[in-house]
Amino acid sequence: MQKLKSAEEIEMIRENNLLVSSTLAEVGKMIQPGVTTAALDKRAEEYIRDHGAEPGFLGYGGFPNSLCTSVNDAVVHGIPSDYELKEGDIISIDCGTYKNGFYGDTAYTFSVGAIDKEVEKLLRATKEALFKGIEKAVAGNRVGDISFAVQSHAEGAGFSVVREMVGHGLGSSMHESPEVPNYGKRGRGPKLKPGLVICVEPMINLGTRNIKQDPDGWTIRTMDNKPSAHYELALAIRNGEADILSTFEYIENQLSTEN
Ligand code: MG
Ligand code: MG
């Protein structure tokens, strides 16, 4: 069942997602060759707690950290470690917060220094696919309209769509109904109603769409070990265009001052 949110509840979910967005910008500042994914996680946890929230992922289903840090062929759910980032890596960072009874959930794929042209294209196409999906996230449409838009853009750019993991409703639980797959058919699936809050989060692979899980029980990797990208935003459904509750602006303003 879809839990529709009041205007007040949407503002609390926005507050969480803006905090996640600024946490991602904060750890984004640290990304350079030699930094460990554990160091990023430590900073994220401090930053979230300093802002009066709890890390949303820490302990969620037994997850051991505040960030999912998924490097190169890792798709999602990578566990922070003493791995040192190196020039040419990409790192997908997924972060959540919990404050005032609601969750935030947003993700961004960063590059470490200069990356391959093909991988740059993967990142761009994945982010574009997310926004193509969001364009269809309006009241009266169906989940399949979002799914189809994401899939068409990603596959049209020559990449493949992970199917086993999907976007979701967001609110007083991290994962609520409906599921929001990144593949599907127009006009299918649950109808989108005003007040529904969802996360759209394409996971797009350079090679095969197939995935495997590491023995750590968390990290999901591409079967062919080629790179994967992941971007996620939370949004509220309205009549007309969606109200996007997270932002990449904090991250991208930060990145552009570095260059
Ligand atoms: Mg997420
Ligand atoms: Mg999510």
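For the structure itself, look to the data block above.
Cut-off values and rules
- Residues numbered from 1 in each chain as written.
- Chains lettered and ligands numbered in written order.
- Predicted model: local features only at pLDDT ≥ 70, side-chain atom pairs only at ≥ 80, totals over all residues.
- Heavy atoms only, no water.
- Donors = N, O, S within 2.8 Å, 3.2 Å for Na, K, Ca; no water.
- Helix = DSSP H or I, 4+ residues; strand = E, 2+ residues; numbered from the N terminus.
- Buried < 20%, exposed > 50% of the residue type's maximum accessible area, 1.4 Å probe, protein only.
- Pairing = 2+ DSSP bridges.
- Axes fitted to C-alpha atoms, helices over the stretch in contact; angles between N-to-C directions.
- Contact = heavy atoms within 4.5 Å.
- 1 Å grid on protein atoms, 1.4 Å probe; cavity = no way out; pocket = protein on both sides within 12 Å on 5 of 7 lines; lining within 4 Å.
- Points joined across faces, edges and corners; volume = space filled by probe spheres on them.
- Nonpolar A, V, L, I, M, F, W, Y, C, P; charged D, E, K, R; others polar.
- Polar contact = N/O pair within 3.5 Å; in protein donor to acceptor, adjacent residues only side chain to side chain.
- Core = buried A, V, L, I, M, F, W, Y, C linked by side-chain atoms within 4.5 Å.
- Expected span 1.5 Å × (residues − 1).

A. Spotlight on the coordination of the magnesium ion (ligand 1). Looking at the magnesium ion (ligand 1), the protein donor atoms are Asp94 (OD), Asp94 (OD), Asp105 (OD) and Glu232 (OE), and they sit 2.0 to 2.4 Å from it. For the magnesium ion (ligand 1), all donor residues lie on one chain, and their spacing in sequence is D-x10-D-x126-E. The metal-metal distance between the magnesium ion (ligand 1) and the magnesium ion (ligand 2) is 3.1 Å, with Asp105 coordinating both. Of this pair, Asp94 sits in strand 4 (residues 90-99) while Asp105 sits in strand 5 (residues 102-111), placing them 11 residues apart in sequence. Residues Asp94 and Asp105 agree in their burial class; the two are buried.

B. The sheet that holds strand 15 (residues 240-244), seen in detail. Pairing is antiparallel in the open sheet, where five strands are placed in the order 8-7-9-14-15. Since the sheet does not close on itself, it has two edges, and those belong to strand 8 (176-180) and strand 15, each with one partner. Taken pair by pair, the neighbouring strands of this sheet meet at an average axis angle of 30 degrees, ignoring direction. When strand 7 (residues 167-169) meets strand 9 (residues 197-200), the two strands line up antiparallel, connected through two bridges. The residue of strand 9 that forms the bridge with His168 is Cys199. The sheet contacts of helix 1 (residues 7-28) involve strand 9, strand 14 (233-238) and strand 15, and relative to strand 15 the element is tilted by about 55 degrees.

C. Inspection of the layout of surface pockets at higher detail. Of the voids in this model, the second largest pocket is the one considered here, and its volume is about 370 Å³. Lining the second largest pocket we find 21 residues, and of these Tyr60, His77, Asp94, His175 and Glu201 sit closest to its centre. Residue classes in the lining of the second largest pocket are distributed as 12 nonpolar, four polar and five charged.

D. Representation of the side chain of Ser70. In this structure, Ser70 sits in strand 2 (residues 67-71). At 3.4 Å, the side chain of Ser70 and the backbone nitrogen of His77 are in polar contact.

E. Molecular detail of the sheet that holds strand 12 (residues 220-222). Here we have three strands laid out as an open sheet, ordered 3-12-11, and antiparallel in their pairing. A strand with exactly one partner marks an edge of an open sheet, and here the two such strands are strand 3 (74-76) and strand 11 (211-213). Pairs of neighbouring strands in the sheet enclose a mean axial angle of 40 degrees, with direction left out of account. Bridge count between strand 3 and strand 12: two bridges; the pairing is antiparallel.

F. A look at the nonpolar core. Core analysis: the biggest nonpolar cluster contains 54 residues, and Leu40, Ile91, Ile93 and Val200 have the highest contact counts within it. When sequence neighbours within four positions are dropped, the list of residues in contact with Val200 reads Leu130, Ile134, Ile146, Val150, Val180, Tyr231, Glu232, Leu233 and Leu235. With 14 residues, the next largest nonpolar core counts Phe57, Phe63, Tyr103 and Leu170 among its residues.

G. Molecular detail of helix 3 (residues 117-135). The end-to-end C-alpha distance of helix 3, which contains 19 residues, comes to 27 Å, matching closely the 27 Å that a straight helix rising 1.5 Å per residue would cover. Burial in helix 3 covers these residues: Val119, Leu122, Leu123, Ala125, Thr126, Ala129, Leu130, Gly133 and Ile134.

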